[in-house]
Amino acid sequence: MDIDILGCSGGISGNVRNMGTTCLRLGEHLLIDAGSGLSKLTLDEQRKIEDVLLTHSHMDHISDLPGFLANLFDHTDKPVRVHALPETIEILKDCVFNYQVWPDFTQLPTPQAPILEFVAIQPWRSFKLQGYEITPFFVEHSVPTVGFSIKDSKSHFVFSADTTVSETLIDELNRLGHIDTLMIECAFPDNKLDIARQSKHMTPALVLETLDGLAEQPKKIWITHLKPAYDKQIRHDIRHNPDCHHWRVLP
Ligand SMILES: Nc1ncnc2c1ncn2[C@@H]1O[C@@H]2COP(=O)(O)O[C@H]2[C@H]1O
């Protein structure tokens, strides 16, 4: 599977390793989330994007969506489809594409041929897109959030988005069956467990608790969404725990 991690940080910083916030590109035409990593794409690359899957409405996952859509003006004759939970779509309509923060691109340049089309998704309702079979599943975050299971003919990639550990998350991951690569967040270090729980994120110990609940271990674990203020401590926690030695910390 051709996965280009354009950004995967849990925040912003001057660290050269920080490529921006969450945005993954699968092949040439599909994005998962539209955080500030999206701005790594050239204009030509942006104009090839046809579909965007959104996990949730938080700023670090949508911040580059408005500017990306504005770049398509005069350069497309079909709308970009933004696939998200109905709750996420409502938030974007109310709070972003409201003519005050940004124009309503579902109506522009004309209501008949707009730049943006919202497509509502539902957990466990699978669909085919850009050659992939995609299944959204509920995770446990502070706003309605889905992770995505993505399959092609060769592999099964799962992005569990922003989430904390919960029975629901473990049940959902088990329901997905065999996973080749699990991309799972770890926003806070273990000494910030309280903040992690309050803001519904993970620490290394909570990721381990999640993995302990799985009937079958994923072949690869990719760790994502480190909060820049805690980057060093999280990496230290992971490095010094033998149970985490096989994790790949992104970027
Ligand atoms: N209770 C909290 N304490 C500290 N930071 C928080 C709290 N709730 C939310 N945040 C921060 O606000 C951010 C909103 O986006 P995230 O959920 O990625 O991560 C969240 C945390 O970084």
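This one's a predicted model, so the numbers in the text were calculated from it and none came from an experiment. (Residues numbered from 1 in each chain as written. Predicted model: local features only at pLDDT ≥ 70, side-chain atom pairs only at ≥ 80, totals over all residues. Heavy atoms only, no water.)

Turning to the overall build of the protein, a few remarks are in order. Within the protein, the regular secondary structure consists of 8 helices and 13 strands. Relative to a compact globule of 251 residues, whose C-alpha radius of gyration would be 18 Å, the protein shows 18 Å and is just as compact. Across its three principal directions, the C-alpha atoms of the protein cover 55 × 40 × 30 Å. By residue count, 52% of the 251 residues in the protein fall in the buried class. For the protein, the accessible area works out to roughly 11,400 Å², and carbon and sulfur atoms hold 50% of it. Averaged over its 23 positive side-chain charges, the protein has a centre that lies 5 Å from the centre of its 34 negative ones. (Helix = DSSP H or I, 4+ residues; strand = E, 2+ residues; numbered from the N terminus. Rg over C-alpha atoms; globule rule 2.2 N^0.38 Å. Buried < 20%, exposed > 50% of the residue type's maximum accessible area, 1.4 Å probe, protein only. Areas by Shrake-Rupley, 256 points an atom, 1.4 Å probe, with all protein chains shown as cover. Lys, Arg positive; Asp, Glu negative; His and termini not counted. Charge placed at Lys NZ, Arg CZ, Asp CG, Glu CD.)

Another aspect to go through is the environment of H58. Relative to the helices and strands, H58 is located in the loop between β4 (51-53) and α2 (59-62). For the pair formed by H58 and D162, sequence separation is 104 residues and the distance between their alpha carbons is 9.6 Å. The residues touching H58, leaving out its near neighbours within four places in the chain, are H141, S142 and V143. (Contact = heavy atoms within 4.5 Å.)

This part takes up the UniProt feature "domain: Metallo-beta-lactamase" (unreviewed entry) in the protein. According to UniProt, the positions carrying the feature "domain: Metallo-beta-lactamase" (unreviewed entry) are residues 30-225. From the first C-alpha to the last, residues 30-225 spans 20 Å; its make-up is 25% helix and 23% strand. (UniProt positions renumbered as here; feature names shortened; annotations may be inferred.)

What follows covers the sheet that holds strand β1 (residues 3-7). Across the sheet, which stays open at both edges, the 6 strands sit in the order β1-β2-β3-β4-β5-β6 with mixed pairing between neighbours. Bordering the open sheet on either side are β1 and β6 (116-120), each of which pairs with just one other strand. Pairs of neighbouring strands in the sheet enclose a mean axial angle of 25°, with direction left out of account. Inspection of the sheet shows β1 paired to strand β2 (residues 23-26) by 4 bridges, in the antiparallel sense. Among the inter-strand pairings, G7 is bridged to a residue of β2, identified as C23. The strands touched by helix α4 (residues 86-95) are β5 (80-84) and β6; relative to β6, the strand with the most contacts, the crossing angle is about 150°. (Pairing = 2+ DSSP bridges. Axes fitted to C-alpha atoms, helices over the stretch in contact; angles between N-to-C directions.)

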